[in-house]
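# Working through the structure, step by step
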Amino acid sequence: MAQHQFTEYTPENMGKTGPSGRRGSYGTAAKTAKQGSEASAGVGASTVPGEPDSDSDANSFSRIQIKPVNDEDDTSVMITFNQSVSWFIVSLTFVASISGFMFGYDTGYISSALVSIGTDLDNRELTYGNKELITAATSLGALISSVVAGTCADIWGRKPCIMFSNVLFVIGAALQVSAHTFWQMAIGRLIMGFGVGIGSLISPLFIGEIAPKMIRGRLVVINSLCLTGGQLIAYGCGAGLDKVHNGWRILVGLSLIPTCIQFVCFCFLPDTPRFYVMKGRLDKAAEVLAKSYNSAPQELIQQKIIELSSLNRTIPGKTVAVRVLNTIKELHTEPSNFRALVLACAMQGIQQFCGWNSLLYFSGTIFETVGFKNSAAVSIVVAGTNFVFTLVAFFAIDRIGRRVILLIGLPGMCLSLVVCAIAFHFMDVRFEGGGSAVIKDSGFTAWGIVIILSIICYAAFYALGIGTVPWQQSELFPQAVRGVGTSYSTATNWAGSLVIASTFLTMLQNITPTGTFALFAALSLVSFLFIYFCYPELSGLELEEVQMILKDGFNIKASQTLAKKRKQQMADQRNAAHDNELQGYNKAKPSDELMEG
Ligand SMILES: O[C@H]1[C@H](O)[C@@H](O)[C@H](O)[C@@H](O)[C@H]1O
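Residues numbered from 1 in each chain as written. Predicted model: local features only at pLDDT ≥ 70, side-chain atom pairs only at ≥ 80, totals over all residues. Heavy atoms only, no water.

Where an unreviewed UniProt entry is consulted, the protein chain appears under the name LAME_0F06282g1_1, with the organism given as Lachancea meyersii CBS 8951. Under the UniProt heading Sequence similarities (unreviewed entry), the note attached to the protein chain is "Belongs to the major facilitator superfamily. Sugar transporter (TC 2.A.1.1) family." The Subcellular location (unreviewed entry) comment attached to the protein chain in UniProt states, word for word, "Membrane". (UniProt positions renumbered as here; feature names shortened; annotations may be inferred.)

Encoded structure:
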């Protein structure tokens with residue numbers, strides 16, 4: 001265990017900026033802390049004097065350098081807290097995850113609401129086109145808002161953006177609940193979609209930034225659990241309110257409860273320490289870290305802040321617009337950022353183009369076609385499987401790792417889809433215009449059961465891997481481009497969702513169900529190959545270490561080695577803490593809390 005030197009740093013000098021506008025007062029401290037770790041670690045990480053750019057104070061500013069790794073050379077040195085999770089972090093995670101719930105509930109309730117709306121809007125039945133527009137409005141709104149949400153989160157903060165999404169949820173829901181015309185309903189759905197897009201991006205980003213690295217995957221999956229749970233509850237409530245007069249208004253009105261709870265909670269909760277560091281509010285960052293790791297000594301908190309601010313780099317630019325343009329430029333021109341962007345967008349694209357949402361949205365139609373009278377019940381089973389296997393992913397994502405669960409999930413999905421395609425072939429189902437189906441043997445058949453079982457297996461493998469892992473997207477990007485990077489990937493998700501949902505019935509009609517499911521199977525296979533060759537293992541790594549992995553390639557092997565090493569270090573640390581406890585040390589020495597590569 002390394003002995004780290006403590007610095008002359010005091011809370012009073014926190015947040016003061018040097019002549020350059022950067023945190024000059026941290027410069028010497030960062031240097032001292034880093035030299036301490038270097039001297040004892042004897043590894044390649046080094047403190048380099050501030051680069052001689054015009055606006056830096058070379059004497060008082062220094063940077064932590066993380067070199068690229070290859071299989072043998074692990075040069076990362078990061079400060080880690082011994083304590084894994086506190087109630088404060090758990091509370092922040094659950095409050096942020098309400099956005100995930102809203103995402104799931106608001107995209108989930110519409111299929112049953114559309115059935116029970118009847119002639120309540122404009123005193124007429126909704127046309128097929130009206131229904132499509134009301135459904136798609138939310139995805140379209142989410143697509144539009146996700147494009148700008150990341151930048152807004154970097155400018156104003158993660159918390160204000162989530163609170164703004166609450167306001168949009170309330171306006172959107174109020175418009176829908178009181179709607180008597182088709183257009184009011186569609187506009188309400190669009191505004192609600194703006195809120196969904198913001199929440200879908202910021203909630204996982206917020207959780208990723210507050211989470212301790214060893215359980216970051218799990219905490220982000222809590223957001224996915226709320227999402228799939230929200231979908232399940234929406235299906236359940238939809239089935240329950242099916243026969244109730246104005247049941248759809250109650251269904252929409254219920255969505256106001258969680259969003260108001262989230263707004264009120266965030267009035268009393270802070271933003272993430274990394275965001276505060278980004279804005280130079282180091283005192284606030286230290287305060288949040290101290291609450292998050294309440295058993296960590298003050299000196300260690302201070303050192304972590306020093307480390308984070310040394311790694312923090314502000315993108316230059318006189319105005320916001322110039323800074324955004326420079327960020328976009330840096331996202332594309334810096335190789336590690338570009339690799340992160342490719343991975344994040346590809347993962348979200350794969351998640352949508354493997355066809356899950358089309359099955360979720362149209363499962364009722366499919367199950368009725370293959371002979372199930374109570375199709376709503378079977379749809380609930382499919383949504384329930386999605387939820388249960390997201391729970392399995394929760395336990396597996398940090399222990400087994402993101403890469404492994406993806407590499408198990410995608411072949412499973414591919415196989416289930418192949419079986420489904422074959423079963424549809426033997427059932428001889430043809431879909432005709434307007435979503436109606438012609439079937440050779442009507443009624444309940446063995447092939448019908450095969451289709452349902454294979455769709456349930458598909459749901460399980462999907463939720464285990466590709467349904468869950470892409471939402472870990474924020475860990476791929478460094479702080480300076482995280483907001484914009486996650487905007488790109490979240491927009492890819494919503495664009496994919498929109499394309500797939502609007503083309504699924506046409507595909508069933510034009511290339512038959514067998515062709516459609518075979519196409520999704522082929523896409524799952526190609527995705528498997530992409531992940532095998534390009535997706536590194538990031539479990540257990542500090543957010544700042546991920547860029548080191550992506551610096552000179554996808555470095556799959558190096559990432560696996562580093563992830564393994566981190567797990568071992570954590571286990572050793574836990575054992576050491578346990579031994580200390582047995583020997584009667586109640587207070588961990590600061591140096592025991594530090595670990596290094
Ligand atoms: O991760 C989620 C989840 O898998 C949902 O079930 C799905 O509807 C969403 O599109 C996806 O982003």
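### A few points about the confidence of the model for the protein chain
Model confidence for the protein chain is summarised by a mean pLDDT of 83, while 82% of its residues fall at 70 or above. With pLDDT under 50 throughout, residues 1–76 is counted as low confidence; its partners more than four residues away or in other chains account for 157 contacts. (pLDDT = per-residue confidence, 0-100. Contact = heavy atoms within 4.5 Å.)

### Remarks on the pattern of salt bridges
Following the criterion strictly, the structure yields 14 salt bridges and no others. For R124, the salt bridge goes to D122, with nearest N and O atoms at 3.7 Å. The exposure class assigned to R124 is partly exposed, which follows from its relative accessible area of 32%. On the basis of relative accessible area, D122 is assigned to the partly exposed category, the value being 34%. Two residues, E545 and R566, come together in a salt bridge whose shortest N-O distance is 2.5 Å. Remark: R566 occurs in helix α21 (residues 556–582) and E545 occurs in helix α20 (residues 543–550); sequence separation between them is 21 residues. (Salt bridge = Lys/Arg side-chain N within 4 Å of Asp/Glu carboxyl O. Buried < 20%, exposed > 50% of the residue type's maximum accessible area, 1.4 Å probe, protein only. Helix = DSSP H or I, 4+ residues; strand = E, 2+ residues; numbered from the N terminus.)

### Things to note about unusual backbone geometry
The backbone of N246 sits at a positive phi, close to 60 degrees, despite the residue not being glycine. Tracing the backbone shows N246 in the loop between α7 (216–240) and α8 (247–254). The class of N246 is partly exposed, set by a relative accessible area of 26%. One non-glycine residue, T512, lies in the positive phi region at around 65 degrees. Considering the arrangement of structural elements, one finds T512 in helix α19 (residues 479–534).

### Section: the site of the ligand
Within the structure, the ligand sits among 13 residues, and Q231, Q351, N357, Y462 and G467 are positioned closest to it. Burial of the ligand by the surrounding chains reaches 97%, relative to a free accessible area of 300 Å². Secondary-structure elements contributing two or more residues to the shell around the ligand are α7, α14 (335–353) and α15 (356–369). Of all the elements, α15 adds the most residues to the shell around the ligand, at three residues. Split into classes, the residues belonging to the shell around the ligand amount to six nonpolar, seven polar and no charged. Residues lining the shell around the ligand come from more than one domain, with at least three contributed by each of domain 2 (83–295) and domain 3 (339–535). (Near = heavy atom within 4 Å. Areas by Shrake-Rupley, 256 points an atom, 1.4 Å probe, with all protein chains shown as cover. Nonpolar A, V, L, I, M, F, W, Y, C, P; charged D, E, K, R; others polar. Domains from an automatic or database assignment.)

### Let's talk about the nonpolar core
Across soluble globular proteins, nonpolar side chains show a tendency to be buried alongside one another. One finds Y109, F504, F517 and I531 to be the most contacted residues of the largest nonpolar core, which totals 149 residues. Looking at this core element by element, the count peaks at 14 residues for α19. When neighbours within four sequence positions are excluded, F517 is seen to be in contact with L359, I366, L417, C420, A421, F424 and F504. (Core = buried A, V, L, I, M, F, W, Y, C linked by side-chain atoms within 4.5 Å.)

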